[in-house]
Amino acid sequence: MKVIIAKPGLDGHDRGAKVIARALRDGGHEVIYTGLRKTPAEIVRATLDEDAAALGISTLSGAHDVLIPSICEGLVDEDLGEIVVFAGGIIPASDRSNLHDMGVRAIFGPGTNTSEILDFLSEISSRKESGEPVGVGESSQWRWE
Amino acid sequence: MAMGVRGEEILRSALEGSRRDLSRLLSLIESGQEINVHTQDSWTLGVTGPPGSGKSSLIGNFVNYWSSRGDKVAVLAVDPSSPNSGGALLGDRMRMPSADSGDSVFVRSLATRNHPGGLSAYISTMIDCLAACGWDRIVIETVGSGQSDYRIAAFADRILLVDGPDRGDIVQAEKAGIIELADIIAVNKSDMEGSEKAAEAIRSALSMDENPPPVHLVCSHDGSGIDAMMDDIENCTPGARSRLRARERLISAWDFRLLNNPEINGVIDLLETGSITLEEAVKRLIQSEG
């Protein structure tokens, strides 16, 4: 699967994003890492040009409740509603349901085993194949928990 | 795989200017689908050189240069696939800060998917499609390459060889290989020690050639030397290498056929266990082609 790992906003910490990118590579995925401090518009543009199937957003700055919804809306506006969005980093439990409502299908906090993220990707891959809605703009209550 | 109804729809929409469908079209081509698009006159530049010499960063400079002059720039950036997992970490895009800057820039990362030479035959279909969709400048970035990697000659009309300051003694530049095919040579990282010496060594090694290519000392980081090099890229007459190009295209198409042969994995299994010889394996694959 082609996956983008993105770092939005003013957050210079990307050890986690790089570990995930590497783990997905070793899991057989083609991973594009955007580099640091990307705007939501740039991340949407990268997802569009790369024709990625999934977008993983890593944020540790506390701005997740602004940046992630902005990316989700941008994807839907660009006719990219079928893209699967997942997030990782420091995202408090109280903020999660809002992100889920925006179409984020999984949120991975600190301590997540990388194999769990690979399991998530294979789950969405089989859901996509059977035509079940998992994209950011597709109507579904399903989330990885 | 022939072009289906869906392929035709996507192609039509891409030609009408849909960026979403251009992106989908490139994925279809990558997955092995044939796309029949009228071959266009395209403007192509191949950028090659060893890993870490700064190819992607320099392309970032080109993107700024051309897009600020109103040209539409498309980049196909290739990185290696893992021979173990089949996965890839495609990091060229992050070296090009202008990659996501606007409608006149399109950057696509491609994994080699272990095609020999690091460039697959479908790159030429991608180039035709990009040209047909109105992209004025098409830049192909190879994987970090060695001295004898010149598959890029199959796809690009102009070749820029990028090197860094730390390249050993002059004999490295005297050796045969890609250096003979380069239309322009850039020694990048001119802010680092040894870069002047490296450029001089290359100039000296090429001085016996009839028409030595220009050697530019550049720094993608601060932009120094870039404008002069861009002038040479603009004025470059594509090298006369039609025979080499035909040869590389043929080998590339042959590789593509081989790797897409449905029998190939079975034959590799038999080779691995030693139940057939290499000769028998080759015969079996040729027979299966009918």
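You'll find the structure just up there.
What you see is a predicted model; the values in this text were computed from it and never measured. (Residues numbered from 1 in each chain as written. Chains lettered and ligands numbered in written order. Predicted model: local features only at pLDDT ≥ 70, side-chain atom pairs only at ≥ 80, totals over all residues. Heavy atoms only, no water.)

Chemist: Summarise the overall build of chain B; cite the residues concerned and give the values.
Modeler: Looking only at helices and strands, one finds 10 helices and eight strands in chain B. Relative to the globule expectation of 19 Å for 290 residues, the C-alpha radius of gyration of chain B, 20 Å, shows essentially globular dimensions. Each of the 290 residues in chain B was classed as buried or not, and the buried ones make up 51%. Here chain B displays about 13800 Å² of accessible surface, and carbon together with sulfur accounts for 49% of that area. Counting 28 positive and 42 negative side-chain charges, chain B places the centres of these two groups 4 Å from one another. (Helix = DSSP H or I, 4+ residues; strand = E, 2+ residues; numbered from the N terminus. Rg over C-alpha atoms; globule rule 2.2 N^0.38 Å. Buried < 20%, exposed > 50% of the residue type's maximum accessible area, 1.4 Å probe, protein only. Areas by Shrake-Rupley, 256 points an atom, 1.4 Å probe, with all protein chains shown as cover. Lys, Arg positive; Asp, Glu negative; His and termini not counted. Charge placed at Lys NZ, Arg CZ, Asp CG, Glu CD.)

Chemist: Describe the pattern of salt bridges, and please don't skip the residues or the numbers.
Modeler: As enumerated under the stated definition, the model contains 27 salt bridges over all chains in all. Note that Arg-93 of chain B and Asp-49 of chain A form a salt bridge whose closest N and O atoms lie 3.8 Å from each other. One end of the pair, Arg-93 of chain B, is in the loop between β3 (88-90) and β4 (105-111); the other, Asp-49 of chain A, is in helix α2 (residues 40-50), on a second chain. A single burial state applies to Arg-93 of chain B and to Asp-49 of chain A, both of which are buried. Ionic pairing is found between Glu-50 of chain A and Arg-93 of chain B, a salt bridge with its closest N-O pair at 2.6 Å. (Salt bridge = Lys/Arg side-chain N within 4 Å of Asp/Glu carboxyl O.)

Chemist: Tell me what's going on with the interface of chain A and chain B, and back it up with residues and numbers.
Modeler: Interfaces are often sized by the accessible area lost when the parts come together. On the side of chain B, 25 residues touch chain A, which itself brings 24 residues to the contact. Here chain A and chain B share an interface that buries about 2200 Å² over both sides, 44% of which is from carbon and sulfur atoms. Of all residues in chain A, Glu-30, Arg-45 and Asp-49 of chain A bury the most surface against chain B, accounting for 28% of the area lost on that side. Residue Arg-108 of chain B is joined to Glu-50 of chain A by a salt bridge in which the shortest nitrogen-to-oxygen separation is 3.9 Å. Counting the contacts that link chain A with chain B gives 20 residue pairs in polar contact (both at pLDDT 80 or more). Elements that contribute at least two residues to the side of chain A that touches chain B include exactly α1 (15-26), β2 (30-33) and α2 of chain A. Ranked by residue count, the leading element in the side of chain A that touches chain B is α2 of chain A, at six residues. (Contact = heavy atoms within 4.5 Å. Buried area = accessible area lost by both parts, 1.4 Å probe. Polar contact = N/O pair within 3.5 Å; in protein donor to acceptor, adjacent residues only side chain to side chain.)

Chemist: Pulling in residues and values, what's your account of the sheet that holds strand β1 (residues 2-6) of chain A?
Modeler: On the basis of which strands lie adjacent, the open sheet formed by six strands has the order β5(A)-β4(A)-β3(A)-β1(A)-β2(A)-β3(B) and parallel pairing. A strand with exactly one partner marks an edge of an open sheet, and here the two such strands are β5 (104-108) of chain A together with β3 of chain B. Between one strand axis and the next, the sheet turns by 20° as a mean value, whatever way the strands run. Where β1 of chain A meets strand β3 (residues 54-59) of chain A, four bridges bridge the pair, whose relative direction is parallel. Bridging from a neighbouring strand, Ile-4 of chain A pairs with Leu-55 of chain A of β3 of chain A. In the packing of α2 of chain A onto the sheet, the strands contacted are β1, β2 and β3 of chain A, and the crossing angle to β1 of chain A comes to about 165°. Helix α3 (residues 64-77) of chain A contacts β3, β4 (84-89) and β5 of chain A of the sheet and is inclined by roughly 160° relative to β3 of chain A. (Pairing = 2+ DSSP bridges. Axes fitted to C-alpha atoms, helices over the stretch in contact; angles between N-to-C directions.)

Chemist: Any chance you could break down the sheet that holds strand β7 (residues 184-187) of chain B for me, citing the residues and the numbers?
Modeler: Residue and element names in this part refer to chain B. Strands sit in the order β4-β2-β5-β1-β6-β7-β8 across an open sheet of seven strands; the sheet is parallel. Every interior strand has two partners, whereas the edge strands, β4 and β8 (215-217), have only one. Each neighbouring strand pair of the sheet contributes to a mean axis angle of 20°, computed without reference to strand direction. Across four bridges, the pairing between strand β6 (residues 158-163) and β7 is parallel. Following the sheet pairing, Leu-160 is matched in β7 by Ile-184.

Chemist: How would you summarise the packing of α2 of chain A against α3 of chain A if you had to cite specific residues and measurements?
Modeler: All names here are of chain A. Running from amino to carboxyl end, α2 crosses α3 at an angle of 40°, the nearest separation of the two axes being 9 Å. Classified by the angle their axes make, α2 and α3 are oblique. Here the hand of the crossing between α2 and α3 comes out right-handed. Contacts between α2 and α3 involve Pro-40, Ile-43, Val-44 and Thr-47 on the former and, on the latter, Leu-67, Ser-70, Ile-71, Gly-74 and Leu-75. In terms of residue class, the contact of α2 with α3 is built from six nonpolar, three polar and no charged. (Parallel < 35°, antiparallel > 145°, perpendicular 65-115°, else oblique. Left-handed = near helix turned anticlockwise from the far one by under 90°. Nonpolar A, V, L, I, M, F, W, Y, C, P; charged D, E, K, R; others polar.)

Chemist: With reference to specific residues and values, describe the environment of Asp-71 of chain B.
Modeler: Residue and element names in this part refer to chain B. With respect to the helices and strands, Asp-71 occurs in the loop between α3 (55-67) and β2 (73-79). The class of Asp-71 is buried, set by a relative accessible area of 17%. Expressed as a C-alpha distance, the spacing of Asp-71 and Arg-137, which sit 66 residues apart in the sequence, is 7.2 Å. A polar contact is formed between the side chain of Asp-71 and the side chain of Arg-137, at a distance of 2.8 Å.

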